[in-house]
Amino acid sequence: MTELLTAAQMRAIEEAAIASGEVTGLELMERAGRGVVEAIFEEWPELAQTSHRAVVLCGPGNNGGDGFVVARLLKEWGWEVEVFLYGDPEKLPPDAKVNYERWGEKGEVAPLIPGSLDQSVDRGLENAIYKDQYDASGTWESETNIGQQTIFIDALFGTGLKRRFEEDLLDVLKEWGDYCYEYAVAVDMPSGLCSDSGKCIGGHWVFSKLLVTFETPKVGHFLGHNMYDIKSFKTVDLNFHWNTDADTVGLLGYTDLQLDKDGWFDNGMQKTLRTHKYSHGHALIFAGGPGKTGAARLAARGALRIGAGLVTLGVPPSAQMEVASQVTAIMLRRVTDGSGEVDGLDVTLRDDRINALCIGPGLGIGARGEALVKTTLEGKRATVLDADALTLLAQDKALFDCLHKNCVLTPHGGEFARLFPDIAEKLNAPATKGPAYSKVDATREAAKRAGCVVLFKGPDTVIAHPDGRCSINSAQYERAAPWLATAGSGDVLAGFITGLLARGFDPMRAAETAAWLHVECARSLGPGLIAEDLPEELPKVFRDLGL
Ligand SMILES: NC(=O)C1=CN([C@@H]2O[C@H](COP(=O)(O)OP(=O)(O)OC[C@H]3O[C@@H](n4cnc5c(N)ncnc54)[C@H](OP(=O)(O)O)[C@@H]3O)[C@@H](O)[C@H]2O)[C@@H](O)CC1
Ligand SMILES: Nc1ncnc2c1ncn2[C@@H]1O[C@H](COP(=O)(O)OP(=O)(O)O)[C@@H](O)[C@H]1O
Ligand SMILES: [K+]
């Protein structure tokens, strides 16, 4: 799994590599700067064909040092380069100072003050070669300014951002926003954003199109929604050895989920000639009352498509006809809260073959729902608790205390705040200093308190285990799937997790795999998807994965 590091973890591995004598800080900075230049040319090959103009903003720390390296290398490439420094050159850290001086042999450094960017951009426009012209066929070529593009490089702050910017810097950054054209590059972090949480600490942050980070991405790159302007994300290999005992956060990718043929068909999950439907588990999903059964039906469809051998919808007698008229392969069983009628849940659960439960979607928050959640939790079976079940847990401490290690909670932001109000308050408080409390911190704390896996939804879905393991399923950058924010898609996700629990996945792996496949289905479908489509897309996604 790609390990995502916090600023402190990154600093620790860098310091260890330097202390071991394997590499110097100066060499790392050189590799970082070179990597940025290579990333620029890889991203925009047209820029490598002729010389252009770069405006490099350098900050007072080592991020600024990287900026001086980039400036020098672009100058050596024949570019016109303007460098601005925010801060006192005498106070630069040693490696940044060396690169400041190396750049000083090639060009000047101007102080970064309000107005300096306006003047720089004016100079760029004066020098620009306009190519508006009729081409051979008589068509007007509308490309302007292609002869000499200005590339903006943000090397102000990286992992060392600690506090809100002073007003003069805020003024400069707002100017920068006006000039953030096609070619803008963030070195390690968009300056102003916290590399642990993705939150805006500076009071403003610098927009870019390309983000280049070093060695391994930082946790904050995949949290929050402030990096929507970044179209391309690249990681430069700094080429040093490291490993860390720290609790790093994993970025979920295909290879981590053991979805390859061996993994997928392993551990009793195998669908072979010798197995039958009961080998793949039996999921029971509770439906709400009349007019409220759609959510559970979506979840049931998801559980069946992801491979549970059997899926039964547990319906209240009053909704039986409604559900019966809508389902075919999914079975149906009348389930009450066990308070006197036949077919109480306690009776249903005597069937040991039912090995995964899902409760919450469309359930309602009345007495029936509460009694069902209680009985469900008493059985200690693998259980997904979503939607209304989460509200019920939030309302009743005794019920919350019944959670056990085989549960998976799947809150969205609102449900999370109801369940863990104090944690949500910390998470949602305005970030004023770095590193800021992050969604990863919050989800880990919640999982520990609940004693079970918590999957905190969003484009940055965070999944945490009470033992501290944590991963992010990102639907950002090249995996963006904003059309997944549609009514009922969370119900399908709950069903996916339940289906995998039925197939024998442990709760953490079920949550991770389901979340990843959920986004894959959305990406495969594209804009226009509705929740019903998601389970139906699974066979195609599986086929494309070679399963
Ligand atoms: N790790 C690696 O392997 C490698 C890391 N590398 C690079 O180093 C970067 C990290 O460098 P870094 O630690 O020097 O931090 P950085 O982001 O430059 O900022 C610190 C400076 O900013 C200042 N400052 C903070 N907040 C402020 C504010 N609001 N307003 C004003 N000032 C503020 C702070 O001042 P202080 O708080 O100490 O007064 C300090 O002077 C990393 O992102 C990467 O680009 C590569 O070179 C190669 C390998
Ligand atoms: N902008 C987004 N990009 C990608 N996925 C998203 C985005 N917003 C929400 N999602 C995902 O969509 C699902 C919505 O779930 P939820 O809020 O419970 O909806 P519902 O209750 O309607 O089913 C979650 O899996 C969440 O991670
Ligand atoms: K930066």
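Conventions we followed
Residues numbered from 1 in each chain as written. Chains lettered and ligands numbered in written order. Predicted model: local features only at pLDDT ≥ 70, side-chain atom pairs only at ≥ 80, totals over all residues. Helix = DSSP H or I, 4+ residues; strand = E, 2+ residues; numbered from the N terminus. Buried ≥ 20, exposed ≤ 12 C-beta atoms within 10 Å, placed from the backbone. Near = placed C-beta within 6 Å. Nonpolar A, V, L, I, M, F, W, Y, C, P; charged D, E, K, R; others polar. Axes fitted to C-alpha atoms, helices over the stretch in contact; angles between N-to-C directions. Parallel < 35°, antiparallel > 145°, perpendicular 65-115°, else oblique. Left-handed = near helix turned anticlockwise from the far one by under 90°. Contact = placed C-beta atoms within 7 Å. Domains from an automatic or database assignment. UniProt positions renumbered as here; feature names shortened; annotations may be inferred. Pairing = 2+ DSSP bridges. Expected span 1.5 Å × (residues − 1). pLDDT = per-residue confidence, 0-100. Core = buried A, V, L, I, M, F, W, Y, C linked by C-beta atoms within 7 Å. Right-handed = clockwise from strand over helix to strand, strands pointing away.

**Some points on the overall build of the protein chain**
Secondary structure assignment for the protein chain yields 19 helices and 20 strands. Expressed as a percentage of the 547 residues in the protein chain, the buried residues total 48%.

**A few points about the site of ligand 2**
Within the structure, ligand 2 sits among 17 residues, and Pro459, Ala475, Leu484, Ala485 and Gly490 are positioned closest to it. It is helix H17 (residues 489–502) that contributes the most residues to the shell around ligand 2, four residues altogether. Of the residues assigned to the shell around ligand 2, the class counts are eight nonpolar, seven polar and two charged.

**Notes on the packing of helix H2 (residues 25–43) against helix H3 (residues 62–76)**
At their nearest, the axes of H2 and H3 sit 8 Å apart, and the two run at 55° to each other. If you check the angle between H2 and H3, you find them oblique. Here H2 runs over H3; the crossing is right-handed. Across the interface between the two elements, Met29, Glu30, Ala32, Gly33, Arg34, Val36 and Val37 from H2 touch Asn62, Gly65, Asp66, Val69, Val70, Leu73 and Leu74 from H3. Looking at the contact of H2 with H3 residue by residue, the class counts come to eight nonpolar, three polar and three charged.

**Brief notes about the domain arrangement of the protein chain**
As far as domains go, the protein chain holds domain 1 (2–247) and domain 2 (252–544). Listed by partner, the interface residues are 23 residues for domain 1 and 18 residues for domain 2. Its residues placed into classes, the side of domain 1 that touches domain 2 shows 11 nonpolar, six polar and six charged.

**A short note on the site of ligand 1**
The environment of ligand 1 is made up of 30 residues, and the closest members are Gly61, Asn62, Asn63, Gly158 and Gly160. Only helix H1 (7–19), H2 and H3 provide two or more residues apiece to the shell around ligand 1. Looking at which element gives the most residues to the shell around ligand 1, the answer is H3, with five residues. For the shell around ligand 1, a count of residues per class yields 12 nonpolar, 10 polar and eight charged.

**Comments concerning the UniProt feature "binding site: K(+)" (unreviewed entry) in the protein chain**
As recorded in UniProt, the feature "binding site: K(+)" (unreviewed entry) lies at Asn63, Asp154 and Ser191. These annotated residues cover 129 residues of sequence, but their C-alpha atoms sit close together, with the largest distance between any two at 9.6 Å. Looking at where Asn63 falls in the secondary structure, it is placed in helix H3. By the C-beta count within 10 Å, which is 26 here, Asn63 ends up buried. Residues in contact with Asn63, not counting those within four places in the same chain, are Ala155, Leu156, Phe157, Gly158, Gly160, Val187 and Asp188. With respect to the helices, strands and loops of the structure, Asp154 is situated in strand S7 (residues 150–155). Among all residues touching Asp154, those that are not within four sequence positions of it are Leu57, Val185, Ala186, Val187, Pro190, Ser191, Val206 and Ser208.

**Here we look at the sheet that holds strand S2 (residues 53–58)**
Hydrogen bonds along the backbone pair up the strands of a sheet, which may run parallel or antiparallel. The strand order across the open sheet built from seven strands is S4-S3-S2-S7-S8-S9-S10, with neighbouring strands paired in parallel fashion. Bordering the open sheet on either side are strand S4 (109–111) and strand S10 (232–236), each of which pairs with just one other strand. Within the sheet, the average angular offset between the axes of one strand and its neighbour, ignoring direction, is 20°. Pairing geometry for strand S9 (residues 210–214) and S10, over five bridges, is parallel. Paired with Leu211 across the two strands is Phe233, which belongs to S10. Packing against the sheet, H2 makes contact with S7, strand S8 (184–187), S9 and S10, and its axis sits at approximately 145° to S9.

**Brief notes about the sheet that holds strand S20 (residues 470–474)**
Overall, mixed pairing links the 11 strands, which are arranged S1-S11-S20-S19-S18-S17-S16-S15-S12-S13-S14 in an open sheet. Bordering the open sheet on either side are strand S1 (2–4) and strand S14 (331–334), each of which pairs with just one other strand. On average, each strand axis in the sheet is tilted by 25° relative to the strand beside it, whichever way the strands run. Across five bridges, the pairing between strand S19 (residues 460–464) and S20 is antiparallel. For Ala464, the partnering residue across the bridge sits in S20 and is Cys470.

**Digging into helix H11 (residues 367–378)**
For H11, built from 12 residues, the straight-helix expectation of 16 Å at 1.5 Å per residue is met to within 8% by its first-to-last C-alpha distance of 17 Å. Within H11, burial applies to Arg368, Gly369, Glu370, Leu372, Val373, Thr375, Thr376 and Leu377. Remark: Lys380 follows H11 within two positions and exhibits a positive phi of approximately 60°.

**A closer look at the environment of Leu298**
Examined against the element boundaries, Leu298 turns out to sit in helix H8 (residues 294–305). Classification of Leu298 by C-beta neighbours within 10 Å gives buried; the count is 26.

**Examining the confidence of the model for the protein chain**
Across the protein chain, pLDDT averages 91, with 90% of residues at or above 70. Note that residues 142–146 has pLDDT below 50 and, in this model, eight contacts with residues that lie over four places away or in other chains. The ipTM value of the predicted complex is 0.96, and its pTM value is 0.93.

**Description of the nonpolar core**
By size, the foremost hydrophobic cluster in this structure holds 98 residues, and its most contacted members are Ile285, Ala299, Ala303, Val408, Ile497 and Ala511. Per element, the largest residue contribution to this core is 10 residues, and it comes from helix H18 (residues 507–525). Built from parts of two domains, this core gets at least three residues from each of domain 1 (2–247) and domain 2 (252–544). For Ala303, the contacting residues outside a window of four places in its chain are Ala283, Ile285, Ala308, Val311, Gly495, Thr498, Gly499 and Ala502. Counting residues in hydrophobic clusters, the runner-up holds 59 residues, among them Val36, Val185, Cys194 and Leu211.

**Comments concerning the pairing of strand S13 (residues 310–315)**
Burial analysis of S13 places five of its six residues in the buried class, which makes it a mostly covered element. Here strand S12 (residues 282–286) pairs with S13 via five bridges, running parallel. Residue pairing for S13: Phe286 is matched across the bridge by Gly314. In this view, the connection linking S12 to its parallel neighbour S13 by way of H8 has right-handed handedness. Bridge count for S13 against S14 is four bridges, and the pairing is parallel. Among the inter-strand pairings, Thr312 is bridged to a residue of S14, identified as Met331.

**Brief notes about the pairing of S2**
Counting buried residues along S2, five of its six residues qualify, which places the element largely inside the surrounding structure. Where S2 meets strand S3 (residues 80–85), six bridges bridge the pair, whose relative direction is parallel. The partner of Ala54 across the bridge, within S3, is Val81. As a crossover connection, the stretch from S2 through H3 into S3 is right-handed.

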